[in-house]
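Single-letter residue listing:
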Amino acid sequence: MQTTGWEDEFREYVQARGPALLRAANQLTGHPLDAEDLLQNALTKTYLAWDRIEDRGALDGYVRRAMVNINISQWRRRKLEEYPSADLPEATTSEPVGGGEVHEQLEQALEELPERMRAAIVLRYYEDMTEPEIARTLGISVGTVKSTVSRAMAKLRSALLPSR
């Protein structure tokens, strides 16, 4: 099969810049297989417009712009898999399998927190109170609530994360 000069030029461009363009596509999609599809679609558009692209130094920008536009178009066409609803589902009361140990560790870690930290965590995450409500309940400022909850969460995380 005989090729024209610009087809060879396109092939050389893809061979030279393909890996870098694939990395950019992967950053856009976050998934290797989707990135390959995205890059292939962008290169197809580039191939079809090759004879109209005068500035060969701007090819990377052209392909990247095509990838962004294609990715946005695909994102807009996706159907939503989750729909908002005014009615909340019934809460389940059963614990997940194997969750008992984690809950015991969490309870132990909560018991080890100082009283104010424990109270702030329980009111915030167990009672679902807002920061101003917690501040009124504990008689402290909202800023103190924020810093107390932040420090308490840091202590809980360090207590619950496995040692490495």
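Structure's up top.
In short, a report on the structure. (Residues numbered from 1 in each chain as written. Predicted model: local features only at pLDDT ≥ 70, side-chain atom pairs only at ≥ 80, totals over all residues. Heavy atoms only, no water.)

1. A look at the pattern of salt bridges
Right, on to step 1. All told, the structure shown has three salt bridges when counted by the stated rule.
Right, on to step 2. A salt bridge links Glu-9 to Arg-56; the shortest N-O distance between them is 3.0 Å. Of the two residues, Glu-9 sits in helix H1 (residues 5–29) while Arg-56 sits in the loop between helix H2 (32–48) and helix H3 (59–77), which places them 47 residues apart along the sequence.
Right, on to step 3. Among the residues examined, Arg-56 registers a relative accessible area of 28% and is labelled partly exposed.
Right, on to step 4. Residues Arg-17 and Asp-60 are paired through a salt bridge, measuring 2.7 Å at the closest nitrogen-oxygen approach. Of this pair, Arg-17 sits in helix H1 while Asp-60 sits in helix H3, placing them 43 residues apart in sequence.
Right, on to step 5. Relative accessible area serves as the criterion here: at 17%, Asp-60 is assigned to the buried category. (Salt bridge = Lys/Arg side-chain N within 4 Å of Asp/Glu carboxyl O. Helix = DSSP H or I, 4+ residues; strand = E, 2+ residues; numbered from the N terminus. Buried < 20%, exposed > 50% of the residue type's maximum accessible area, 1.4 Å probe, protein only.)

2. Structural notes on the side chain of Thr-46
Right, on to step 1. Mapped onto the secondary structure, Thr-46 falls in helix H2.
Right, on to step 2. Not counting the four nearest positions on each side in its chain, Thr-46 is found in contact with Phe-10, Ile-53, Tyr-62 and Val-63. (Contact = heavy atoms within 4.5 Å.)

3. Quick word on the packing of H1 against H2
Right, on to step 1. For the pair H1 and H2, the least separation of the axes is 9 Å and the interaxial angle reads 145 degrees. In terms of crossing hand, the pair formed by H1 and H2 is right-handed. Of the residues in H2, those in contact with Trp-6, Glu-7, Phe-10, Val-14, Gly-18, Leu-21, Leu-22, Ala-25, Asn-26, Leu-28 and Thr-29 of H1 are Pro-32, Asp-34, Ala-35, Glu-36, Leu-38, Leu-39, Leu-43, Thr-46 and Tyr-47.
Right, on to step 2. Looking at side-chain class alone, the contact of H1 with H2 contains 13 nonpolar, four polar and three charged residues. (Axes fitted to C-alpha atoms, helices over the stretch in contact; angles between N-to-C directions. Left-handed = near helix turned anticlockwise from the far one by under 90°. Nonpolar A, V, L, I, M, F, W, Y, C, P; charged D, E, K, R; others polar.)

4. Remarks on the environment of Glu-9
Right, on to step 1. Using a relative accessible area of 32% as the deciding quantity, one classes Glu-9 as partly exposed.
Right, on to step 2. A sequence separation of 41 residues divides Glu-9 from Trp-50, and the C-alpha atoms of the two residues are 9.6 Å apart.
Right, on to step 3. Setting aside residues no more than four positions away along its own chain, Glu-9 makes contact with Trp-50 and Arg-56.

5. A short note on the nonpolar core
Right, on to step 1. Core analysis: the largest hydrophobic core is formed by 17 residues, its most contacted members being Leu-39, Val-63 and Met-67.
Right, on to step 2. Once you skip the residues sitting within four places of it in the chain, Leu-39 turns out to touch Gly-18, Leu-21, Leu-22, Ala-25, Val-63 and Met-67.
Right, on to step 3. Of all hydrophobic cores here, the second largest spans 15 residues; its members include Leu-113, Ala-120, Ile-134 and Ala-135. (Core = buried A, V, L, I, M, F, W, Y, C linked by side-chain atoms within 4.5 Å.)

6. Comments concerning the packing of aromatic side chains
Right, on to step 1. A full pass over the atoms with the stated rule returns four aromatic pairs.
Right, on to step 2. Taking the centre distance of 5.2 Å and the plane angle of 85 degrees together, the rings of Phe-10 and Trp-50 count as edge-to-face. On the criterion of sequence distance, the pair formed by Phe-10 in helix H1 and Trp-50 in the loop between H2 and H3 is long-range, its members being 40 residues apart.
Right, on to step 3. Judged by relative accessible area, which is 11%, Phe-10 ranks as buried.
Right, on to step 4. Judged by centre distance (6.0 Å) and plane angle (50 degrees), the rings of Tyr-13 and Trp-50 are tilted. Linking Tyr-13 in helix H1 with Trp-50 in the loop between H2 and H3, this pair joins segments that are 37 residues apart in sequence. Considered together, Tyr-13 and Trp-50 belong to a single accessibility category, that of buried residues.
Right, on to step 5. Each residue in the set Trp-6, Phe-10, Tyr-13, Tyr-47 and Trp-50 is aromatic and connected to the rest through ring pairs, giving one cluster.
Right, on to step 6. Sitting over the ring of Tyr-125, Arg-124 keeps its end group 5.7 Å from the ring centre. (Phe/Tyr/Trp six-rings, centres within 6.5 Å; stacked < 30°, edge-to-face > 60°. Lys NZ or Arg CZ within 6 Å of the ring centre and 35° of its normal.)

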